[in-house]
Amino acid sequence: MENRSTTAREERRPMPVDTRAENRTAPPTFGVEEEFFVVDPGTRGLLSRGSEVLADTRLASGRPTGEFSRAQVEVNTPVCDGADEALRFLRTAREEFDRSAGAAGLSVVASGTPVLGDPASALVSEDRRYTEIAAHVGALREALIVCGCHVHVGIPDRGTAVAVSDHLRRWLPFLLAVSANSPFHAGRDTGYSSWRAITWNRLPSAGPPPLLRSPAEHDRIVRALADTGAILDQHMVYWDIRPSDHLPTLEIRVGDVAATAEEALLLACLTRGLAARALADVRQGVPAPDIPDHAIRAAVWRAARDGLEGVVPDPLTGEALTGALAADRLLHAALPGLLSNGDADLTASLLDRVRASGTGSARQRAAHARRGSLTDVVDHLVTETREGLA
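Residues numbered from 1 in each chain as written. Predicted model: local features only at pLDDT ≥ 70, side-chain atom pairs only at ≥ 80, totals over all residues. Heavy atoms only, no water.

Novice: Describe the overall build of the protein chain, naming the residues involved and giving the relevant values.
Specialist: Along the protein chain, the regular secondary structure elements total 13 helices and 13 strands. Relative to the globule expectation of 21 Å for 390 residues, the C-alpha radius of gyration of the protein chain, 19 Å, shows essentially globular dimensions. Reported as C-alpha extents along the three principal axes, the dimensions of the protein chain are approximately 55 × 45 × 40 Å. When the 390 residues of the protein chain are sorted by exposure, 59% land in the buried category. Taking as baseline every contact in the protein chain between residues at least 6 positions apart, the subset at least 24 positions apart corresponds to 78%. For the protein chain, the distance from the average site of its 43 positive side-chain charges to the average site of its 52 negative ones is 1 Å. (Helix = DSSP H or I, 4+ residues; strand = E, 2+ residues; numbered from the N terminus. Rg over C-alpha atoms; globule rule 2.2 N^0.38 Å. Buried < 20%, exposed > 50% of the residue type's maximum accessible area, 1.4 Å probe, protein only. Contact = heavy atoms within 4.5 Å. Lys, Arg positive; Asp, Glu negative; His and termini not counted. Charge placed at Lys NZ, Arg CZ, Asp CG, Glu CD.)

Novice: Quick one: what's the story with helix H13 (residues 374–387), residue by residue and with numbers?
Specialist: The end-to-end C-alpha distance of H13, which contains 14 residues, comes to 20 Å, matching closely the 20 Å that a straight helix rising 1.5 Å per residue would cover. As for H13, its buried residues are in contact with strand E1 (30–39), helix H2 (83–103), strand E4 (107–109), strand E6 (184–185), strand E7 (188–189) and helix H12 (360–371). Where H13 ends, the next residue or the one after it, Gly-388, has phi of about 95°, a positive value. (Expected span 1.5 Å × (residues − 1).)

Novice: Can you explain helix H8 (residues 261–283)? Please cite residues and give values.
Specialist: Spanning 23 residues, H8 covers 33 Å between terminal C-alpha atoms, matching the ideal 33 Å at 1.5 Å per step. Of all 23 residues that make up H8, 19 are buried, and the element is covered over most of its length. Downstream of H8 by a residue or two, Gly-285 has a phi angle that is positive, lying close to 80°.

Novice: Account for the packing of aromatic side chains, naming residues and giving values.
Specialist: Enumeration according to the criterion identifies six aromatic pairs in this entry. Pairing Phe-68 with Tyr-130 gives two aromatic rings, centres 5.8 Å apart and planes at 75°, and the pair type is edge-to-face. Taken together, the residues span a long stretch of sequence, with Phe-68 in the loop between strand E2 (65–66) and strand E3 (72–76) and Tyr-130 in helix H3 (residues 128–137) at a distance of 62 residues. Residue Phe-68 is classed as buried on the basis of its relative accessible area of 0%. (Phe/Tyr/Trp six-rings, centres within 6.5 Å; stacked < 30°, edge-to-face > 60°.)

Novice: Mind laying out empty space enclosed by the protein, listing which residues take part and the relevant values?
Specialist: Overall, the coordinates contain four cavities of 30 Å³ or more when judged by the stated rule. Looking at the largest cavity, its volume works out to about 100 Å³. Val-178, Ser-179, Ala-258, Glu-263 and Ala-264 are the residues nearest the centre of the largest cavity, which is lined by 15 residues in total. Contributions of two or more residues to the lining of the largest cavity are made by helix H5 (172–179) and H8. (1 Å grid on protein atoms, 1.4 Å probe; cavity = no way out; pocket = protein on both sides within 12 Å on 5 of 7 lines; lining within 4 Å. Points joined across faces, edges and corners; volume = space filled by probe spheres on them.)

Novice: Could you give an account of the environment of Thr-383, naming the residues involved and the relevant values?
Specialist: With respect to the secondary-structure elements, Thr-383 resides in helix H13. Separated by 159 residues in the primary sequence, Thr-383 and Ala-224 have C-alpha atoms spaced 45 Å apart.

Novice: How would you sum up unusual backbone geometry? Please name residues and give values.
Specialist: Even without being glycine, Ala-186 reaches a positive phi, approximately 50°. The phi dihedral of Arg-213 falls on the positive side, at around 70°, and the residue is not glycine. Look at Arg-213 and you get partly exposed, because its relative accessible area is 48%.

Novice: Describe the confidence of the model for the protein chain, with residues and values.
Specialist: Per-residue confidence for the protein chain gives a mean pLDDT of 92, with 93% of residues at or over 70. Here residues 1–23 is modelled with pLDDT under 50, and outside its nearest four sequence neighbours on either side it reaches 64 contacts, counting other chains as well. (pLDDT = per-residue confidence, 0-100.)

Novice: Can you break down the pairing of strand E5 (residues 148–154) residue by residue, with the values?
Specialist: Extensive coverage of E5 is indicated by the burial of seven of its seven residues. Burial of E5 is two-sided: the residues Gly-148, His-150, His-152 and Gly-154 facing one way and the residues Cys-149, Val-151 and Val-153 facing the other way are all buried. The pairing of E1 with E5 spans five bridges and is classified as antiparallel. Looking at the pairing, Glu-34 lines up with Cys-149 of E5. Pairing of E5 with strand E11 (residues 249–256), which is carried by six bridges, proceeds in the antiparallel orientation. By the bridge assignment for E11, Cys-149 is matched with Gly-255. (Pairing = 2+ DSSP bridges.)

Novice: Which residues make up the packing of helix H10 (residues 323–341) against helix H11 (residues 344–357), and what are the values?
Specialist: Close contact between H10 and H11 brings their axes to 10 Å; oriented N to C, the two are set at 165°. Taken together, the axes of H10 and H11 are roughly antiparallel relative to one another. Relative to H11, the crossing made by H10 is right-handed. Residue-level contacts link Ala-324, Ala-327, Asp-328, Leu-331, Leu-335, Leu-338 and Leu-339 of H10 to Ala-344, Thr-347, Ala-348, Leu-351 and Arg-355 of H11. Among the residues making up the contact of H10 with H11, the classes are represented as nine nonpolar, one polar and two charged. (Axes fitted to C-alpha atoms, helices over the stretch in contact; angles between N-to-C directions. Parallel < 35°, antiparallel > 145°, perpendicular 65-115°, else oblique. Left-handed = near helix turned anticlockwise from the far one by under 90°. Nonpolar A, V, L, I, M, F, W, Y, C, P; charged D, E, K, R; others polar.)

What follows is the structure, encoded as structure tokens:
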């Protein structure tokens, strides 16, 4: 739950911030944080044995770590300049997790929620921070036993990060629809494409961020959350977009963990593309749209329910878009940034592959439909986590 990405740790290579005019259009650096569940290859249910996976994991960088529960593991890419670099690491990390899990008689799966097994039975990690959070939120701790994909983008300063956050709010439903990968939870079909988003957003400091306008307003809202007791401190602000409090980065955390490394890269490229466009708008003095909180929350809810296979509302225009049109609009919005980042062709190709095969959520349901078996869904996820997008 902490901001553990290697793009947001002082001991890692710092984000390059060059304020010279000629370098202001340089592509922002980025990093990707992925969380996975540890499961029993026999029952396919959750197992609180993440430490065994981590103990044998050999990665030259990325610092694999535990997560809120012992049934989860996490890995972060290094600070990346380009998509090829990120994809190599994402694939290597998944292969290494698969190998180390197999050596311990376990499996790892990339799904936003556990398909089988009771998340309430998952043991909270021994980290003191996590035990404090578990005690604070009570039964809501189950909302924390989910797996997301968080993209960290290098932003020059905190004021700019807040301004970019305001610009990105509109696109949260679109990014969620593309990344939806959690239709099943604890043995049942939830009726949603991203149940992770629904359960996560029950937390009082989660969901779409408010329109901030300035770091001072951000700090005022965070203090208000702390004063009510909704959060223990500023690190428990779990908004879908949040500026770092100690590094020049912005974390976009609306997505489910991607079923495949390629889809994780797709989410990262789209996010970085949108952020690069927003950076240009901020520098040109273009104001962020004043979209009401309720409009964005409602749009995020609908995107979580339908995914890219249904309706995705545009919270700015109020239009109810088909998934195909929503994907087109998202790609078009990110295109100026994708072009400046050099990611346009790759991102369009990856998005076409997802549209052809279905999102992670749609593929999970397709795996279930063949025999009506949730164990088949877990087996499908194990394969995709390891082998990537067919």
